[in-house]
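# Reading the structure
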Amino acid sequence: MSNELQSIKNRFGIIGNFPALNRALEKAIQVAPTDISVLVIGESGVGKEFIPKIIHSESKRKHQPYIVVNCGAIPEGTIDSELFGHEKGAFTGATATRKGYFEVADGGTIFLDEVGELPLQTQVRLLRVLESGEFMKVGSSQVQKTNVRIVAATNVNMMKAIQDGRFREDLYYRLNTVQIDMPPLRERKGDIHLLFRKFAIDFAEKYRMPELELEPGAVHYIENYTFPGNVRQLRNLVEQMTVVERNRHVTVEKLAEYIPMESHLPMVVNTPNSQKQSDFGSEREIMYKILFDMRSDINDLKSLTSELIKNRGTSDLSNHEKNLINRIYTPESQQNVAPSSLLYFENGNNNNNSAIQNPTIISEPENSYEDIEDIEIEEHRPESLSLQNNEKDLIIKALEKHKGRRNKAADELGISQRTLYRKIKQYNLEE
Ligand SMILES: Nc1ncnc2c1ncn2[C@@H]1O[C@H](COP(=O)(O)OP(=O)(O)O)[C@@H](O)[C@H]1O
Ligand SMILES: [Mg+2]
C-alpha cells in the first residue's frame, strides 16, 4: 500500500484493507488536485462521506470553505434559495438578501449528499453552475460567477431515476465525470472484525467501559452477516453493546440477539448495474429498505434541528417549540428506545476532520444512533426493562462521578438538565 494511502487512512480514521476500498480511496487522492466533478456511489453507511473530505483536504482548495449539503434534508420549496441565495422580496418571508452556499463556497468545495433527491428545477440551476460557473439568486436576473468544486454522492439507482424522469441525464453525466464506488460491508468480510475492534476501542473510551471482544465463533458469525446498514450499522451495534452488555466477551448467542441470522435478507442493492432482485422475500426487502431510509430521513431531520439549535441557541424558541424538541430528543416511551439515544446530543463526531479547515457542515446526517437494527432488537429481545435499568445505571454512574452535580452529569450524558431531572424523578433517584 502506498504511504499516501496509509496516511490518509490514519488521518481520517478509515479502517479496512479490502482492494475495492483501497481503490476508491486512491482514486479520491488522484483526482483531488484537479477540479473534476466526482460522483460517489454506494449504499447507505458505507463511508461515502470520507471521499469529499479527502478530495477537499488534498486539493489546493483546502483552505477555502468546505460545505456539506444534504439534498434530501432540505425542503423542496427552499432548496434553490439555500443553494443559490435570494433577493430581498423574492418570496414571502425573504426580508433581506441572502447568500447561497454556491456564493459562500466560492473557491472551495461543496459536497452534495443524496444528490438524487434534488428537485428537477434545482437540477437545471445546478447544471448551469457546473457548466459555466454562473448562477442567479432566486428573484434576481443578475448573473453571478462562482468557482466551486462539486463532489456528489448517492445511494439511489441513478439510471432508474433517469428512466423515471426524476433525474436529468445531462446533469448525471456532468456530475459523474469520475465515479467512485464504495463497496458494501458484506463484500469486504475481512474488514468487519477490524472495524469491530476499532469501534470497540472508541466506545470503550467514550463510555469509560472495558473493551468488547468477540469470541472466535462470534467472529465467524459477524463476518457472515449481511449488514444492510453497512459500517454505520456495525458502529451502532458496537456502541449499543458497549453500553448495554455486562459481559465483555461477546458470544455467538449474544450477537444473535442483536443481529439474528434469519434476518439475513438479500438486500435491494442500489448500484446502477445491479437491478436484479431475488425472488425470495422481495416485499419484505422493500419494506426493510423503506424503513431504513425513513430512519435515515428522521435522523437527518434531527441532525438539522440539532445543528440549528446549536447555532442559534434556544433563547428565541417558544415554549411549544422547546417542548417539541424535548419530546423529539428524549422520547417518553423509553422502553422503545435504547439508552444510547439519551446520548444523542453528544453526537460522537470524532471523525478526525482536522485535515479540513473550518468545515461548514450544513446538514450532516452523522448520528451516534441511527439504523434500523434497533427495531429488530426490540422484536427479538424482550428486554426493554433491562434497557431501562441500563439507562438508570448510566444516570447513577454519571451522578456519582460528578458527586451529585446535576449540571455536570447532564453534560456527561449529553442530555438537558431538564431531561435529567425528569429521569431522576422517573427512576426515584432523589436522595
Ligand atoms: N472504513 C471505515 N472506517 C471507519 N469508519 C467508517 C468506515 N466507513 C464508514 N465509517 C463510519 O460509518 C459511519 C457512516 O459513514 P458515512 O460516510 O456517513 O456513510 P454514507 O455512505 O451513508 O455517507 C460514519 O460514522 C463513518 O465514520
Ligand atoms: Mg451519508
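Residues numbered from 1 in each chain as written. Chains lettered and ligands numbered in written order. Predicted model: local features only at pLDDT ≥ 70, side-chain atom pairs only at ≥ 80, totals over all residues. Heavy atoms only, no water.

An unreviewed UniProt entry lists the chain under the name Regulatory protein, Fis family, with Chryseobacterium taichungense given as the organism.

## Overview of the overall build of the chain
Condition: The helix count covers DSSP runs of H or I at least four residues long, the strand count covers runs of E at least two residues long, and both are numbered beginning at the N terminus. Relative accessibility under 20% of the residue-type maximum defines a buried residue, over 50% an exposed one, and the middle range a partly exposed one, all with a 1.4 Å probe and only protein chains included. Residue contacts are defined here by distance: any two heavy atoms, one from each residue, within 4.5 Å place the two residues in contact. Here the Shrake-Rupley method, with its probe set to 1.4 Å, supplies the accessible areas, and only the displayed protein chains count as covering residues.
Secondary structure summary: the chain contains 18 helices and twelve strands in total. Within the chain, the proportion of its 431 residues that are buried is 52%. Sequence separation of at least 24 residues holds for 75% of the intrachain contacts in the chain that already meet a minimum separation of 6. Working note: accessible area of the chain is about 20,200 Å², and carbon and sulfur atoms make up 50% of it.

## A closer look at the environment of Val-151
Along the polypeptide, Val-151 turns up in strand 8 (residues 149–154). Here Val-151 falls in the buried class, since its relative accessible area comes to 0%. Each C-alpha atom of the pair Val-151 and Glu-49 lies 9.9 Å from the other, and the pair is 102 residues apart in sequence. Once residues lying within four places of it in the same chain are set aside, the contact partners of Val-151 are Val-38, Val-40, Pro-52, Ile-55, Thr-109, Ile-110, Phe-111 and Leu-112.

## A closer look at the site of ligand 1
Operational definition: Whether a residue is near a molecule or strand depends on its heavy atoms: it is near if one of them lies within 4 Å of it. Whenever a nitrogen or oxygen atom comes within 3.5 Å of another N or O atom, the pair is scored as a polar contact, on the condition that within protein one atom can donate a hydrogen and the other can accept it, and that pairs from neighbouring residues in sequence are kept only if both atoms are in side chains. Any residue that is not Ala, Val, Leu, Ile, Met, Phe, Trp, Tyr, Cys, Pro, Asp, Glu, Lys or Arg is counted as polar, Gly included; the first ten are nonpolar and the last four charged. A domain assignment, automatic or from a database, supplies the domain bounds used here.
Taken together, 18 residues are adjacent to ligand 1, and Ile-15, Gly-45, Lys-48, Glu-49 and Arg-232 come closest. Within the backbone of Val-46, an N or O atom sits 3.3 Å from an oxygen atom of ligand 1. Between ligand 1 and Arg-235 there is a distance of 3.5 Å, counted from an oxygen atom to a side-chain nitrogen or oxygen. Coverage of ligand 1 by the protein amounts to 96% of the 560 Å² it exposes when considered alone. Taken together, the elements giving at least two residues each to the shell around ligand 1 come down to helix 9 (189–207) and helix 11 (230–244). Counting residues per element, the shell around ligand 1 draws most heavily on helix 11, at three residues. Looking at the shell around ligand 1 residue by residue, the classes come out as seven nonpolar, five polar and six charged. Residue-level mapping places the shell around ligand 1 at the junction of two domains, with at least three residues from each of domain 1 (3–181) and domain 2 (188–258).

## Points about a negative patch on the surface
Inclusion rule: Patches in this entry comprise residues that are over 30% relatively accessible and not in a salt bridge; like charges within 9 Å are linked, as are nonpolar side chains (Val, Leu, Ile, Met, Phe, Trp, Tyr) within 5 Å. Any carboxyl oxygen of Asp or Glu within 4 Å of a side-chain nitrogen of Lys or Arg constitutes a salt bridge here. The charged-residue count follows a simple rule in which Lys and Arg add positive charge and Asp and Glu add negative charge, with His and chain termini not counted at all. In this description, the location of a charge corresponds to atom NZ of lysine, CZ of arginine, CG of aspartate or CD of glutamate.
Taken together, the side chains of Glu-211, Glu-213, Glu-215 and Glu-253 define an acidic patch exposed on the protein surface. Within the secondary structure layout, Glu-211 lies in the loop between helix 9 and strand 10 (213–214).

## Regarding the nonpolar core
Heads up, the rule is: Throughout, nonpolar core names a set of buried Ala, Val, Leu, Ile, Met, Phe, Trp, Tyr and Cys residues whose side chains join them through atoms within 4.5 Å.
Grouped together as the largest cluster of nonpolar side chains are 40 residues, with contacts concentrated most on Ile-222, Leu-234 and Leu-255. The set of elements that each furnish at least two residues to this core consists of helix 9, helix 10 (216–223), helix 11, helix 12 (252–258), helix 16 (384–401), helix 17 (406–413) and helix 18 (417–426). Here this core gathers at least three residues from each of two domains, domain 2 (188–258) and domain 4 (387–426). Residues in contact with Leu-255, not counting those within four places in the same chain, are Leu-214, Ala-218, Tyr-221, Ile-222, Leu-237, Met-241 and Val-250. Formed by 31 residues, the second largest nonpolar core is a distinct cluster that contains Ile-74, Leu-83, Leu-126 and Leu-127.

## Things to note about the packing of helix 1 (residues 3–12) against helix 2 (residues 19–31)
Test applied: Orientation is described by lines fitted to C-alpha atoms, with helices fitted over the stretch in contact, and by angles between N-to-C directions that extend from 0 to 180 degrees. Oblique is the label for any angle not covered by the other classes, which are roughly parallel (under 35 degrees), roughly antiparallel (over 145) and roughly perpendicular (65 to 115).
Axis separation between helix 1 and helix 2 bottoms out at 10 Å; the angle between their running directions is 100°. By the angle between their directions, the pair helix 1 and helix 2 is classed as roughly perpendicular. Contacts from Glu-4, Leu-5, Ile-8 and Lys-9 in helix 1 reach Asn-22, Leu-25, Glu-26 and Ile-29 in helix 2.

## A short note on the environment of Met-182
For Met-182, the location among the structural elements is in the loop between strand 9 (178–181) and helix 9. Classification of Met-182 by relative accessible area gives buried; the value is 4%. Taking the C-alpha atoms as reference points, Met-182 and Ser-44, separated by 138 residues in sequence, lie 10.0 Å from one another. Residue contacts for Met-182: discarding those within four places in its chain leaves Leu-21, Ala-24, Val-40, Ile-41, Gly-42, Val-46, Gly-47, Lys-48 and Ile-51.

## Details of helix 10
Which entries qualify depends on this criterion: Here, the arc refers to the directions that run from the helix axis to the C-beta atoms.
Regarding helix 10, the residues found buried are Ala-218, Val-219, Tyr-221 and Ile-222. An end-on view of helix 10 places all buried positions within 165° of arc, on one side of the element. Exposed and facing more than 90 degrees away from the buried side of helix 10 are Pro-216 and His-220. Where the residues of helix 10 are buried, they touch helix 9, strand 10, helix 11, strand 11 (249–250) and helix 12.

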